[in-house]
Amino acid sequence: QVQYVKNPHLDRMEEDILYHFNLGTKTHNLPAMFGDIKFVCVGGSANRMRAFAQFMHQELGQPGHVDDIRDICEETDRYSMFKVGPVLSVSHGMGAPSISIMLHELIKLLYHSRCRDVILFRIGTSGGIGLAPGTVVITDKAVDSFFRPQFEQVVLGKVIVRSRRCQSWMRACPKSFCSVPRNCLTSPLLLPTPCAHMTSMKVNRHILQKAWRSISILCAILLSFVLVWYFLAASDAPSSSSAGQGRLDGALCSFSTEEKLEYLRKAHEADVRNIEMESTVFAAMCRMCNLKAAVICVTLLNRFEGDQISTHHDVLVEYQQRPQGLVAHFIKKRLGLMA
């Protein structure tokens, strides 16, 4: 049995209750339910992870209908979990504390299920630093607010420092994820807005605008297969979503625009290319538990240009599908389902 856990107390417990998953070693046959898991994909949103599970159901050619995929944790209100063949899709909520709670139970679940050779992925969204919206960032290392690749944790009043660097296997992975040359920077398609004279046409203006928006979204989706930019870079993972990320739009802010931009410039000089909140705990815990793991996030905006997201919802949905597509490609190659 693979020793993913590092806790001598677990073997002395008569039962291990995975409370937030509504699972337990006595109430469920975990090896029978999860023993074939080879890939675990986690992300913040429950709806996004359901959609990813349905996407993988189609990609892997699983029997049955995608709507029949059930939430294994449906009797809880903390996390959602979906199983599609050898793939487990789990939501982790927002921020380090939430993903930390989920990871403790997830890693124990893999241990009790006697899973072997499991690869974990965190797929999500982030704020870019000098990158265009829609860019996919594969994290090489997760750094703190001082750009150090370490995670500080207070245990019984003592500060414990753990490494946040992703496993070395990730350095060779971009070739497995995508056939597009790495850092292939191609100018994004710029579609003009409907001209004023177009409204004089004998066409309902609302229908015209709706059609134009549909064309723009369709072009963005079609181009995503050839114009996805991706980088192997560092990710900054502060503990908060506002001040810790240098945002100017929070309820509280004690710094100027110039101070924010100076901080982002320092981050960029330290090879940090995106900001999110979960990669620190994810990288540190997976490394400690000998689990191969990767963080793959898409940027929703360039933080040098602002803090709020104004991109159309349908385009954002397509952006969020880009990390999912790369992970699906990787999984299918690992399973021998494609050349």
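All values derive from a computational prediction rather than experimental measurement.

The rules we used
For every chain, the first residue of its written sequence is number 1, and the numbers climb from 1 along that sequence. Side-chain atom pairs in this predicted model are given and counted only at pLDDT of 80 or more, local residue features only at pLDDT of at least 70, and totals for whole chains, interfaces and linings cover all residues. Excluding hydrogens and water, the side-chain values take into account all heavy atoms of the structure. By definition, any uninterrupted DSSP run of H or I lasting at least four residues is a helix, any uninterrupted run of E lasting at least two residues is a strand, and each is numbered from the N terminus. Burial here depends on accessible area, computed with a 1.4 Å probe over protein chains only, as a share of the maximum for the residue type. Under 20% is buried, over 50% is exposed, and the range in between is partly exposed. The contact rule is simple, with two residues in contact once any of their heavy atoms fall within 4.5 Å. Note on areas: these come from Shrake-Rupley sampling with a 1.4 Å probe, and a residue is covered only by the protein chains present in the view. Among buried residues, those of type Ala, Val, Leu, Ile, Met, Phe, Trp, Tyr and Cys that are joined through side-chain atoms within 4.5 Å constitute a nonpolar core. UniProt positions are given in the numbering used here, feature names are shortened, and annotations may be inferred rather than shown by experiment. A helix is expected to reach a length of 1.5 Å times the quantity of its residues less one. Note that the bend at a residue is defined as the angle between axes fitted to the seven residues ending at it and the seven residues starting at it. Any pair of Phe, Tyr and Trp rings, taking the six-membered ring for Trp, is counted once the centres come within 6.5 Å. Such a pair is stacked with planes under 30 degrees apart, edge-to-face with planes over 60 apart, and tilted for the rest. Should DSSP find at least two bridges between two strands, the strands are regarded as paired. Simply put, an axis is a line fit to the C-alpha atoms, just over the touching stretch for a helix, and the angle between two N-to-C directions goes from 0 to 180 degrees. Each angle gets one of four labels, with under 35 degrees taken as roughly parallel, over 145 as roughly antiparallel, 65 to 115 as roughly perpendicular, and the rest as oblique. Crossings are classed by handedness, with left-handed meaning an anticlockwise turn of the near helix from the far one by less than a right angle and right-handed meaning a clockwise turn. Ten residues, namely Ala, Val, Leu, Ile, Met, Phe, Trp, Tyr, Cys and Pro, are considered nonpolar, four, namely Asp, Glu, Lys and Arg, are considered charged, and the remaining ones, Gly among them, are considered polar. Of the two site types, the cavity is a set of points on a 1 Å grid over the protein atoms alone where a 1.4 Å probe fits but cannot get out, and the pocket is an open set with protein on both sides within 12 Å along at least five of seven lines, each lined by residues with an atom within 4 Å of a point. Grid points are joined across faces, edges and corners, and a volume is the space filled by probe spheres set on the points.

*Asks:* Is there a simple way to think about the overall build of the protein chain in this case?
*Replies:* A count of helices and strands for the protein chain gives eight helices and twelve strands. Out of the 339 residues in the protein chain, the part that is buried amounts to 45%. Of the contacts made within the protein chain by residues no fewer than 6 positions apart, 76% connect residues no fewer than 24 positions apart. Total accessible area on the protein chain stands at roughly 17400 Å², and carbon and sulfur atoms take up 54% of it.

*Asks:* Help me out: how do you make sense of the nonpolar core in this one?
*Replies:* Note that soluble globular proteins tend to have their nonpolar side chains buried in a common cluster. Counting 40 residues, the largest nonpolar core has Phe21, Val40, Leu106, Leu109 and Leu120 as the members making the most contacts within it. Top element by residues in this core is helix H3 (residues 96-112). It accounts for nine residues. For Phe21, the contacting residues outside a window of four places in its chain are Ile72, Cys73, Thr76, Tyr79, Met81, Val90, Met102, Glu105, Leu106 and Leu109. Listed in part, the 29 residues of the second largest apolar core include Val136, Val298, Leu326 and Ile331.

*Asks:* Which parts of the structure should I look at to understand the UniProt feature "binding site: substrate" (unreviewed entry) in the protein chain?
*Replies:* Look at the UniProt record and you will see "binding site: substrate" (unreviewed entry) annotated at Gln245 and Arg247. Looking at where Gln245 falls in the secondary structure, it is placed in the loop between strand S10 (230-236) and helix H6 (257-269). Here Arg247 shows up in the loop between S10 and H6. Looking at Arg247, the relative accessible area reads 23%, which means it is partly exposed.

*Asks:* What is the right way to look at helix H8 (residues 313-334) in this model?
*Replies:* Taking 1.5 Å per residue, 22 residues should reach 32 Å; H8 reaches 33 Å between its end C-alpha atoms and fits that length. In H8, a bend of some 25° at Arg322 exceeds every other bend along the element, and Pro323, a proline, comes one to four places later. In the segment just after H8, Gly336 is the residue with positive phi, at about 75°.

*Asks:* Could you clarify how one ought to interpret the packing of aromatic side chains in this entry?
*Replies:* Ring pairs (aromatic) are described by centroid distance and by the angle formed between their planes. Inspection of the entire model under this criterion finds three aromatic pairs. On the numbers, 5.5 Å between centres and 75° between planes, the contact of Phe121 with Phe330 is edge-to-face. One end of the pair, Phe121, is in strand S6 (residues 119-128); the other, Phe330, is in helix H8, with 209 residues separating them in the sequence. Judged by relative accessible area, Phe330 falls into the buried class, the value being 1%. A ring pair is formed by Phe147 and Tyr263, whose centres lie 5.4 Å apart and whose planes are at 35°; its orientation type is tilted. With Phe147 in the loop between strand S7 (136-143) and strand S8 (150-155) and Tyr263 in helix H6, this pair connects stretches of sequence that are 116 residues apart. Accessibility expressed as a relative area gives 21% for Phe147, which makes it partly exposed. Here Tyr263 falls in the partly exposed class, since its relative accessible area comes to 23%.

*Asks:* Could you clarify how one ought to interpret the pairing of strand S12 (residues 292-302) in this entry?
*Replies:* Residues in a regular strand point their side chains to alternate faces of the sheet. When you tally the buried positions in S12, you get ten out of eleven residues, the bulk of the element. Across nine bridges, S6 lies against S12 in parallel orientation. Its bridge partner lying in S12, Gly128 is registered against Asn302. Inspection of the sheet shows S7 paired to S12 by three bridges, in the antiparallel sense. What sits directly across from Ile138, in S12, is Ile296.

*Asks:* I keep staring at the packing of H3 against helix H7 (residues 279-288) and nothing clicks. Help me out?
*Replies:* Axis angle and axis distance: for two packed helices, these are the angle between their axes and the distance between the axes, and together they describe the pair. Two elements in contact, H3 and H7, have axes separated by 9 Å at closest approach and are oriented at 25°. Our classification of the angle between H3 and H7 gives roughly parallel. Considering how the two elements wind past one another, H3 and H7 form a crossing that is right-handed. From H3, Ala96, Ile99, Ser100, Leu103, His104 and Ile107 reach across to H7, where they touch Val281, Phe282 and Met285. By residue class, the composition of the contact of H3 with H7 is seven nonpolar, two polar and no charged.

*Asks:* Would you mind going over empty space enclosed by the protein with me for this structure?
*Replies:* Gaps left between atoms are located by rolling a probe of water-molecule size over the structure's atoms. Applying the stated rule across the entire model yields one cavity of 30 Å³ or more. The calculated volume of the largest cavity comes to roughly 30 Å³. Lining the largest cavity we find Arg48, Ile123, Gly124, Thr125, Gln320, Pro323 and Gln324. Elements that contribute at least two residues to the lining of the largest cavity include exactly S6 and H8. Of the residues belonging to the lining of the largest cavity, the class tally is two nonpolar, four polar and one charged.

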